[in-house]
Amino acid sequence: MLYRVCRALLRAIFTILYRLDAKGMENIPEKGPVVLCANHTSNIDPPLVGTPVNRMVHYMAKQELFNVPGLGWFISKLGAFPVKRGGVSKESIKLAIQLLKDGNVLGIFPEGSRKNAGGMGKKGAAMLALKSQATVIPVAIMGNYRPFSKLTIRYGTPVDLSEFAEGGSEVLEKATDKIMTTIRAMIAEEKNSAKN
């Protein structure tokens, strides 16, 4: 109930403040495990990616946030789960895989941080998707988060990672590259269509 209320409020806020335009919602499966892989441009990206989606979206969040009285409870209710600073722990990975195997939606930013925006993606998203056999939906965020300037979020068609089902670290890198290349292509396509 709390998640639905917060989602409705954020939809209204994002629509008014950022003129949010969400595209490709039909590409997100209504059931089953889904990994939403998005580019990372702002701290507001996690709620932005999840707000248009009609399913609850789970995220990894810094352990320190869960130590703040009240905040830990609140973000847990909103689908967040803790990850330790300095790297993703085995416990976090196990929990993420279990969430997906239980048929949930997980939001991930393969770039890892805003500082790496446009750079090489990390391998976690591909690894989680392959281990859980989740559908990978590429998500392109376009805009600068300036009040009343248009912000577009596009959910693409699923990325087929079946060719990477077998293999180690090198294969995961190739799978991650495929995801990131798809997201960059979506951003370029959206920019070109905006010019025309």
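Before reading further, recall that the structure is shown in the block above.
Residues numbered from 1 in each chain as written. Predicted model: local features only at pLDDT ≥ 70, side-chain atom pairs only at ≥ 80, totals over all residues. Heavy atoms only, no water.

Draft legend 1. Representation of the overall build of the protein chain. Within the protein chain one finds 7 helices and 7 strands. Ordered by position from the N terminus, the helices and strands of the protein chain form the series α-β-β-α-β-α-α-β-α-β-α-β-β-α. Computed over its C-alpha atoms, the radius of gyration of the protein chain comes to 16 Å, within 12% of the 16 Å expected for a compact globule of 196 residues. The C-alpha extent of the protein chain, read off along each of the three principal axes, is 45 × 45 × 35 Å. Put simply, of all contacts in the protein chain between residues at least 6 apart along the chain, 68% involve residues at least 24 apart. On the protein chain, the mean spot of the 27 positive side-chain charges and the mean spot of the 16 negative ones are 7 Å from each other. (Helix = DSSP H or I, 4+ residues; strand = E, 2+ residues; numbered from the N terminus. Rg over C-alpha atoms; globule rule 2.2 N^0.38 Å. Contact = heavy atoms within 4.5 Å. Lys, Arg positive; Asp, Glu negative; His and termini not counted. Charge placed at Lys NZ, Arg CZ, Asp CG, Glu CD.)

Draft legend 2. Fine view of helix α6 (residues 124-132). Those residues of α6 that fall on the buried side of the exposure criterion are Ala125, Ala126, Met127, Leu128, Ala129 and Ser132. Looking at the buried residues of α6, the elements they touch are β2 (34-38), β3 (57-62), α5 (90-101), β5 (105-108), β6 (135-142) and α7 (169-195). (Buried < 20%, exposed > 50% of the residue type's maximum accessible area, 1.4 Å probe, protein only.)

Draft legend 3. Representation of the packing of α6 against α7. Where α6 contacts α7, the two axes come as close as 8 Å, and the packing angle between them is 105°. Relative to α7, the element α6 is oriented roughly perpendicular. Of the residues in α7, those in contact with Ala126, Met127 and Leu130 of α6 are Leu172, Ala175, Thr176 and Ile179. When the residues that make up the contact of α6 with α7 are grouped by side-chain class, the tally is 6 nonpolar, 1 polar and no charged. (Axes fitted to C-alpha atoms, helices over the stretch in contact; angles between N-to-C directions. Parallel < 35°, antiparallel > 145°, perpendicular 65-115°, else oblique. Nonpolar A, V, L, I, M, F, W, Y, C, P; charged D, E, K, R; others polar.)

Draft legend 4. Just the sheet that holds β2, in detail. Strand order in this open sheet of 7 strands is β1-β7-β6-β2-β5-β3-β4, and the pairing throughout is mixed. The open sheet terminates on both sides in strands that have one partner only, identified here as β1 (21-23) and β4 (80-83). Between one strand axis and the next, the sheet turns through 25° on average, direction left out of account. Note: β3 against β4, 4 bridges, orientation parallel. The partner of tyrosine 59 across the bridge, within β4, is alanine 80. α6 rests against β2, β3, β5 and β6 of the sheet, and its axis sits at about 165° to β5. (Pairing = 2+ DSSP bridges.)

Draft legend 5. Spatial organisation of the environment of proline 138. For proline 138, the position within the fold is in strand β6. Look at proline 138 and you get buried, because its relative accessible area is 0%. Placed 111 residues apart in sequence, proline 138 and asparagine 27 show a C-alpha to C-alpha distance of 9.8 Å. Once residues lying within four places of it in the same chain are set aside, the contact partners of proline 138 are Cys37, Arg154, Tyr155, Gly156, Thr157, Pro158, Val159, Thr182, Ile183 and Met186.

Draft legend 6. Structural context of the pairing of β3. In terms of strand pairing, β3 meets β5 through 2 bridges, oriented parallel. Across the sheet, residue histidine 58 finds its bridge partner in β5, namely leucine 106.

Draft legend 7. Here's a closer look at helix α1 (residues 2-18). The end-to-end C-alpha distance of α1 is 23 Å, a good match for the 24 Å that 17 residues give at a rise of 1.5 Å each. Taken as a whole, α1 has its buried residues at Tyr3, Cys6, Arg7, Phe14 and Tyr18. Viewed end-on, α1 has its buried residues packed into an arc of 100°, placing them on one side of the element. Of the exposed residues in α1, the ones pointing more than 90 degrees away from its buried face are Arg4, Leu9 and Ile16. Buried residues along α1 sit in contact with α2 (45-50), β3 and α4 (71-77). Note on α1: the residue one or two positions beyond its end, arginine 19, has a positive phi of about 50°. (Expected span 1.5 Å × (residues − 1). Arc of directions from axis to C-beta.)

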